[in-house]
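Residue-level listing of the chains:
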Amino acid sequence: MLDLLIKFQDMDRRWVFLGMGFAILLPMLANITFGFEVDERVQALYDEVEALPAGSTVLLSADFDPASRPELDPFFRAHLHHLFRKDVKVVMVTLWEFAPPLILPTTEEIAGKHGKEYGTDWAFLGYKPGKELAIKAIGENIPKTFPKDSRGNVTTALPVMQGMKQAKDFAMLMSVSAGFPGTREYVLQIQGQYNLKMGSSCTAVSAPDYIPFYKAGQLFGLAGGMPGSAQYEKLVFPDGPPTSGPAKGERLLATQAINVLNLGHLFIIALIVLGNIAFFITRRIEDQG
Amino acid sequence: MGKPVLYVPGIDELQDIQTIASMLILGQVAKTVAEYQSEIIVSCCIPIVREVADEVVKAGFYQAGHPDAYHPGNTRFISSEQFAFCAGTNGIMLREKPATNIYLGRFFAESLILAETGYINRSIQIAGTAEATQLPFFVAACDYTLIGEELFAVSAYLSRDPRLVSSLKASDYVKVFCVACVLLGTALASIGNPIMIDLFTIGE
Amino acid sequence: MKRTVPLVVTFLVGMFMIGEFFIPHHLYRVWTAEFLVWGLILAAAAFVLGLINLIQVNLPKVLRKEPDWGYKLIMLLALAGTLVAGFAGGQDRQTPGTVYQWIFDYVFVPLNATMFALLAFYIASAAFRAFRARNLDATVLLAAAILVMLARVPIGESLPFIGDYLPRLMNWIMDVPNIAARRAIFIGAALGAVATGLRVILGLERSHLGD
C-alpha cells in the first residue's frame, strides 16, 4: 500500500500528460457541454460597447500572435461583429509584428459580411514597432505615427479618420492584448493622461494583473482569456451560433472550447486532491511505522 | 561537478530594466563559474543582448584569471521568436544537461516550459523576475525564486559594495513613505477628504 | 579610459533621457526620439550579428557530425529557406500565395500554437507536483488554488451547500489578497527598477562592463 502511494506521488509525468490529453479530447468527441455565467467585468464591457451610438469610431489595438490566437481571436471576431452591427466605425492598429496576417483577413471577412467599406467604415493602419513609444505616439498624433495605412493610403485622406487625430478623439479604445506591449502599457502611457474610455480583452494569465485597473475605473470592462471570450460570445450571440444574417456561420469557438477548459480544470483538481490524499496517508503510515 | 551552468537572461530587449539587472548578475555568476573551472552557457533571445552577455561573460572569466576557459560559442543567440527560443533552450537543456539553470530577467509564457524541462533534467533551478504573472510558474517549478525587487537587489547583495547596498536601504525608506501615503490617503478618503487622491492623480 | 568613457556616455545619455519627463520643450523631445531611433537601428544591426552567431555555432557542429547534428541541419536549412523566401517576396512577401506567407501560415502558426499548447500539460504536471500540503503556507496556497479552480468550473457552482458561495469566495480571493500582493510586488519592483537604473546611470554598477 505504501509503495503504491509513493509510486502514485512520484508517477511518470507522461501519465499526467496522457490523462490531460483525454480530458481535452473527451468534450470534443463526446460533445459534453457545461453552462456558464457571465462575469460582471465582461457584462460591463458588453454594455459599454452596446451603448455606443451609430456612427461613432472606435480605436482597436489588436495585439496577439498565433500562440494566443485561440484565446483572443474568438473575442476579436465577436467584437467586430458587435461593432459592425451597431454601425460603429473601426480603426485598427497593432503593436505586434505577427498580428497583421492574423487580424487583417479576419477583419476583411467580417467587414465584408456586414457590407462595410474599407476607408469609410473601417481601416487598418498597420503595425508600429517601438512598444511604449508607439503607444505614446498614438496618444499624441495618430496620422504622424501612421502616415499611411496598411494599403498605402494617406491616413488623413481616409474618411474614417476625419477628425481623428489623437486617441482621445475616438469614442473608445479597445485593447485585445496577449501581453507586452498591450493593455498595461496603454493604461500606463496614455489612458490616464488623456482619460480615455478603455476596455480590454486579454489572456487568462494577464487578467489578474488588469483587475486593479478595472477596479480603479481605468478599464470599463475586462474579458480575461477563453472564459472571457466565451462570455462575450454569449452576450453578442445570445441564441448561440447564428444561422442567419451577417454573422451566419460563426462557430463561436470560445464557447466550444470552454467545455475543454472546464474538464481540464476538473482533471487538475482531481490530481491535486488525490496527490494530497496519497501524501497524507503516506506520512501517517511512515509516522506510525 | 563538471556540468555546465545554463543562464537565461529573459526574452526582452536590452533596454528593459530586468534585462539590465540580469546582465549585472551575469558578470558575477560568470566569474564564480570561472573560478570553479566550469562552463556557463548563456541562451539569448535578442541579438544585442547576446553581444552584451558575451562581453560580460568574457570579462568575468578574465577577472577570475581563467581567460583560456572562456568559449565564445557558449553565449548563443537562439531566436528572437519567443517559442522558437524556448524550444531551442529546451534543446540545450536536454543535450548539454546543465547542473544549474538560472532564469533571471523578463519572461512570459515560455517560463513554465523552460522550468519544467529543467525539472526533467533534475537541474537546480533559480529564477527571478518582476513579471507577477510568471512568478507562480517559477515558484511551482523552481527550487529558488526571486520575487520582484529581489531580482534588482541581487547584484548589490552579491557584491556587498556599500554604495550598492545603500541603494537598497534607500528604496526601503521610499517603500515606508509609500505605505505612509497609502494609510494617510485611505484615512483621509474615508472622512471625505480627497487631497491625497488629487495629489497623486496624473493627466487631465 | 576603457572604463571611464562608457561610464561617462552612460551618465550623459541616461540623464538626458530622464530629462524628457521633466522638460516639456518640443525640441528636447525631438532629440530624445532621435536617440531612441538610434537604439532601434543598433538593435536591427545586431540581428545580423545574431544571424552570424547562429551559423558560427551550429554549422561546425553539422560539419563535424556532432551528436544531434541533424536538428541543427534542419534549423540551418529552415533559416536559409525563410531568408530566401523573405528576400524573394520583398515588400509583398506577406501577400497570400507567396512562399513566405505559406511558411508563416502552415509552419510558423501551427508550431507556435503547439508550443503554447504544451503549457496545458506542463501546468498539470507542475500543479500535481507542487501543490502538496507540506506546511501551513503550502496548505493555504493549495486551498486557494482549489477554490479558485473549482469556482471557475460550472460543476463547482452546482455543489451542495458551498456552490453558491464559491464564486463570491473566488472573487474575494482574486480581488483582495491577490491584488494586494500584486500591488506590493509592483511597487517593490518599480522601486527596485528605479534604484537599478540610477545605479547604472551614476556608474555605481559596473559589472555589465566587466568591472
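All figures in this text were calculated on a predicted structure; none of them were measured in a lab. (Residues numbered from 1 in each chain as written. Chains lettered and ligands numbered in written order. Predicted model: local features only at pLDDT ≥ 70, side-chain atom pairs only at ≥ 80, totals over all residues.)

A. Representation of the sheet that holds strand β2 (residues 89-94) of chain A. Residue and element names in this part refer to chain A. Ordered by their spatial adjacency, six strands build an open sheet running β3-β2-β1-β4-β5-β6, and the pairing between neighbours is parallel. Across the chains shown, the open sheet's two edge strands, defined by having one partner strand only, are β3 (122-127) and β6 (221-224). Ignoring which end each strand starts from, the neighbouring axes of this sheet average 15 degrees apart. Strand direction decides the pairing type here: strand β1 (residues 57-63) and β2, joined by five bridges, are parallel. Within β2, the position partnered with T57 by the bridge is K89. Docked against the sheet, helix α3 (residues 40-50) engages β5 (198-202) and β6, running at close to 125 degrees with respect to β6. (Pairing = 2+ DSSP bridges. Helix = DSSP H or I, 4+ residues; strand = E, 2+ residues; numbered from the N terminus. Axes fitted to C-alpha atoms, helices over the stretch in contact; angles between N-to-C directions. Contact = placed C-beta atoms within 7 Å.)

B. Up close: the interface of chain A and chain B. Tallying the contact residues gives nine residues for chain A and eight residues for chain B. Ranked by residue count, the leading element in the side of chain A that touches chain B is helix α8 (residues 183-194) of chain A, at three residues. A per-class count over the side of chain A that touches chain B returns three nonpolar, five polar and one charged. (Nonpolar A, V, L, I, M, F, W, Y, C, P; charged D, E, K, R; others polar.)

C. Just the packing of α3 of chain A against helix α10 (residues 225-236) of chain A, in detail. Residue and element names in this part refer to chain A. Contact geometry for α3 and α10: axes closest at 10 Å, N-to-C directions at 45 degrees. Accordingly, the angle class assigned to the pair α3 and α10 is oblique. The two elements α3 and α10 cross, and the hand of that crossing is right-handed. Here V42, L45 and Y46 of α3 lie close against α10, whose contacting residues are G228, Q231, Y232 and L235. Along the lines of polarity and charge, the residues of the contact of α3 with α10 split into five nonpolar, two polar and no charged. (Parallel < 35°, antiparallel > 145°, perpendicular 65-115°, else oblique. Left-handed = near helix turned anticlockwise from the far one by under 90°.)

D. Focus on the pairing of β5 of chain A. All names here are of chain A. In terms of burial, β5 is a largely internal element, five of the five residues being buried. The side-chain alternation of β5 yields two buried faces, one formed by M198, S200 and C202 and the other by G199 and S201. For strand β4 (residues 172-177) and β5, the ladder comprises five bridges, and the chain directions are parallel. Among the inter-strand pairings, S175 is bridged to a residue of β5, identified as S200. In this fold, the crossover linking β4 to β5 by way of α8 has right-handed handedness. Summarising the sheet, β5 and β6 pair through four bridges and their orientation is parallel. In the strand pairing of β6, S200 is matched with L222. For the crossover that starts at β5, traverses helix α9 (residues 207-215) and ends in the parallel β6, the hand is right-handed. (Buried ≥ 20, exposed ≤ 12 C-beta atoms within 10 Å, placed from the backbone. Right-handed = clockwise from strand over helix to strand, strands pointing away.)

E. Representation of the sheet that holds strand β5 (residues 124-129) of chain B in the model. Residue and element names in this part refer to chain B. Sheet architecture is open: six strands sit in the order β3-β2-β1-β4-β5-β6, paired in parallel fashion. In this open sheet, the two strands that pair with only one neighbour each are β3 (75-77) and β6 (144-147). The average angle at which neighbouring strand axes cross in this sheet is 15 degrees, direction not considered. As paired strands, strand β4 (residues 100-104) and β5 are joined by five bridges and run parallel to one another. Bridge pairing in β5 places L104 opposite G128.

F. Here's a closer look at unusual backbone geometry. Residues and elements named next belong to chain A. With an omega of -10 degrees, the peptide bond between F180 and P181 qualifies as cis. In this fold, P181 is placed in the loop between β4 and α8. Positive phi outside glycine occurs at D87, with the angle close to 55 degrees. Here D87 shows up in the loop between α4 (69-85) and β2. The phi dihedral of N195 is positive, around 55 degrees, even though this residue is not glycine. Within the secondary structure, N195 is located in the loop between α8 and β5.

G. Geometry of the packing of helix α6 (residues 149-159) of chain B against helix α7 (residues 162-190) of chain B. Residues and elements named next belong to chain B. Packing of α6 against α7 brings their axes to within 8 Å, and their N-to-C directions diverge by 140 degrees. Overall, the two elements α6 and α7 adopt an arrangement that is oblique. Note that α6 runs across α7; the crossing there is left-handed. Between α6 and α7, the residues in contact are A153, S155, A156 and S159 and L164, V165, S167 and L168, respectively.

H. Geometry of helix α2 (residues 13-30) of chain A. The terminal C-alpha atoms of α2 of chain A, which comprises 18 residues, lie 26 Å apart, in line with the 26 Å expected from a rise of 1.5 Å per residue. Burial in α2 of chain A covers these residues: V16, M20, A23 and P27 of chain A. Buried-residue contacts for α2 of chain A involve α11 (253-288) of chain A together with α4 (99-130) of chain C. (Expected span 1.5 Å × (residues − 1).)

I. Structural context of the interface of chain C and chain B. Taken together, the contact pairs 42 residues of chain C with 48 residues of chain B. Those elements giving two or more residues to the side of chain C that touches chain B turn out to be α2 (26-63), α4 and α8 (177-201) of chain C. Per-element tally for the side of chain C that touches chain B: the top contributor is α8 of chain C, with 14 residues. Residue composition of the side of chain C that touches chain B, by class: 26 nonpolar, twelve polar and four charged.

J. Fine view of the pairing of β6 of chain B. Pairing of β5 of chain B with β6 of chain B involves four bridges; the strand directions are parallel. Note that in β6 of chain B the partner of G128 of chain B across the bridge is L146 of chain B.

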